[in-house]
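Overview (structure and organization)
What follows is the residue order along each chain.
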Amino acid sequence: MGIQLAHKMSSPRRAFHRLSVDRLTLWGFLFIPLTLIVVFFVYPLLAIFFYSISDMRSLNDPPSFYGLTNFEWVLRNQFFQLATRNTVVFVVLSLIGQTAIGILSALILNREQLPGKNIFRTVLLFAWIMPELIVASIFLMIFGNNISIVNHWLELLGLQRVGWLNDPNIALFTLILVNIWKGLPFNIMIYLTALQGLNTDYYEAATLDGASAWQQFWALTFPFLLPTIVTTLILGTIWTANVFFLPFIMTGGGPLDSTLLWSLAIYRTIFQNLQLSRGAAMSVVVYIILLVIGIAFYRLLNKTTTDA
Amino acid sequence: MSASAHNSTFRPTRANIVALIYMVILSVIMIFPFVWMLATSFKGSQLLVDPYSLIPRNPTLYTYQALLGDPLFQFGEAFRNSALSVLVTILFGIPLGTMGGYALARIKGRWVDVGLIALFFLRMMPSFVTAAPQFRLLLAMGLVGHPAGLYIMYIAMSLPLTMLTVRNYLLNMPAEIEEAAMVDGCSRRQLFLKIAAPLARPAILTSTIFIFVNFWLEYILAAQLMRGQYLTLSILLVGVADPTTGRFELIFALAVLIALPIVILFPLIARYLTSGAFSGAVKG
């Protein structure tokens, strides 16, 4: 019977049947991955919202309605305020450094006839692929308190030693420096790729008109790069706000909480102080702030691409 | 493109020389920490006498022998556990993610777009946020401290990136081959297995690399969901990387051993990350 039916391919009913079976198979492909994502990834994210309005003081407390008291606590908490201040400084300075050095390097290196370009690309890729945990372990020694190769160099030059990781006024900037180093390969590669799509004819015309390199950059290159910059900043903001191992390994948030970032504050509140609901409220506040920044950048992106 | 673009020989103009010097300096800054790590790992007990040289005066394999030979460090166990979690994640995450990515490339509709945006944000979610509810989930399933619980989490957390990478790659592939095969009576399952999956090979390999790099040193879930029942390399490194112990040569030797698989696979990694499939993964 089935074989006979299979020959009546042209009937509309048969075609409809085939179409719906086809659609069903496609959704079937999605079923297991989607279930796994919803159960083990989406549900935990939603659960954070429920925890934040409960009063859970350990990892196994049952949730119970407690209102917005945790949010009040978070917003008044001086450690969270300190972590917010530190994270804003960390993210803003890291992104400015990565973007500025990234674009500058891409502009300098964007010429086809440089020898050793492939080696350079390999080096960038290698530094980019190394896990944050390994990078943090290495830089713990480079800027360390006992053994510090940077201080050794400073002494060779006849300069003073610097408390890279144990001076509360400096430690955060040391972490920013390491984070700029860590994000630089990605930024250089992105801007080098973007610059390859730039039409050089305009520059020849601009040079003939007597425009300086500085004027050419702001009139031609910068507007051309703006969509790439905004996209990279969206990714960079989230990545930088998620940086965990640099303070966790290199400073432990110290000295005097000067390198306490949101990531470490949330981790400690939940897993060391076991204040699950308060940590959940922190997470919610942090992700609302990041979402607002993300939407603002996204609007800027739409504006820059429609203007261009 | 200007005429100079076609000229592949290096002309020593001032701008070119500045660019070359800049490139060399930047390369040194990017590679120096790893070179110093390698050098220090061979210094053994000489470290305190000779901490800053790039070439150890008396290179010794002592630290490596201690790490690999002394059962106290449990390096073998940590290595086996980390390797096993990555392998299991690839074994299940890649086929499931490829199927899901293929479906996302072929189903059209507003819900798919919403789902894609959700996947994009999910893959950005750090595990210090999700780890607590994930811990409670495993607790309810009786899987806290059981490796299977960790594997399930890794597989689920690897899926968004794999699905997006495969989907973006297949979207740029011409659909004509599949349409022609469909007219010939190929079922969706055959289309996927015979045409789409082989076509998506670069995207699949890129995703495999990402799983390896992302989960090889995963720390927060391994530490919090396994509660000391499952020693991984990341837990071992975090335990050793304590500046108060002063055993820097140990930290570096351990970091070298942990980085070794990444270094060995690096030529393959470099090939696939510079291919087109990578841009799909970044754009998300």
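**Some remarks on unusual backbone geometry**
Unusually for a residue other than glycine, Leu274(A) sits at a positive phi of about 55°. In this structure, Leu274(A) sits in the loop between helix 12 (262-271) and helix 13 (276-307). Here Arg227(B), not a glycine, exhibits a phi torsion of approximately 50°, which is positive. With respect to the helices and strands, the residue Arg227(B) is situated in the loop between helix 10 (220-226) and helix 11 (233-240).

**Brief notes about the domain arrangement of chain A**
Residue and element names in this part refer to chain A. Along its sequence, chain A is carved into domain 1 (2-52) and domain 2 (71-307). With centres defined by C-alpha atoms, the gap from domain 1 to domain 2 works out at 41 Å. The interface of domain 1 with domain 2 comprises four residues on the first partner and six residues on the second.

**Thoughts on the domain arrangement of chain B**
All names here are of chain B. By the assigned domains, chain B splits into domain 1 (10-67) and domain 2 (74-283). Inter-centroid distance (C-alpha atoms) of domain 1 to domain 2 is 31 Å. The partner domain 2 presents ten residues to the ten residues of domain 1 that form the contact. Breaking the side of domain 1 that touches domain 2 down by element, the ones donating at least two residues are helix 1 (14-41) and helix 2 (62-69). Here the side of domain 1 that touches domain 2 takes four residues from helix 1, the largest share from any one element. Its residues assigned to classes, the side of domain 1 that touches domain 2 comprises five nonpolar, four polar and one charged.

Cut-offs and rules
- Along each chain, numbering runs from 1 in the same order as the chain's sequence is written.
- Both sets of labels track the order of writing: A upward for chains, 1 upward for ligands.
- pLDDT decides what is reported in this predicted model: residues at 70 or higher carry local features, side-chain atom pairs at 80 or more are listed and counted, and totals for whole chains, interfaces and linings draw on all residues regardless.
- Only DSSP runs of H or I with at least four residues qualify as helices, and only runs of E with at least two residues qualify as strands; both kinds are numbered from the N terminus onward.
- As used throughout, domain bounds are those supplied by an automatic or database domain assignment.
- Here contacts are defined at the residue level, using C-beta atoms placed from the backbone and a cut-off of 7 Å between them.
- In this classification, Asp, Glu, Lys and Arg are treated as charged, Ala, Val, Leu, Ile, Met, Phe, Trp, Tyr, Cys and Pro as nonpolar, and every other residue, Gly included, as polar.

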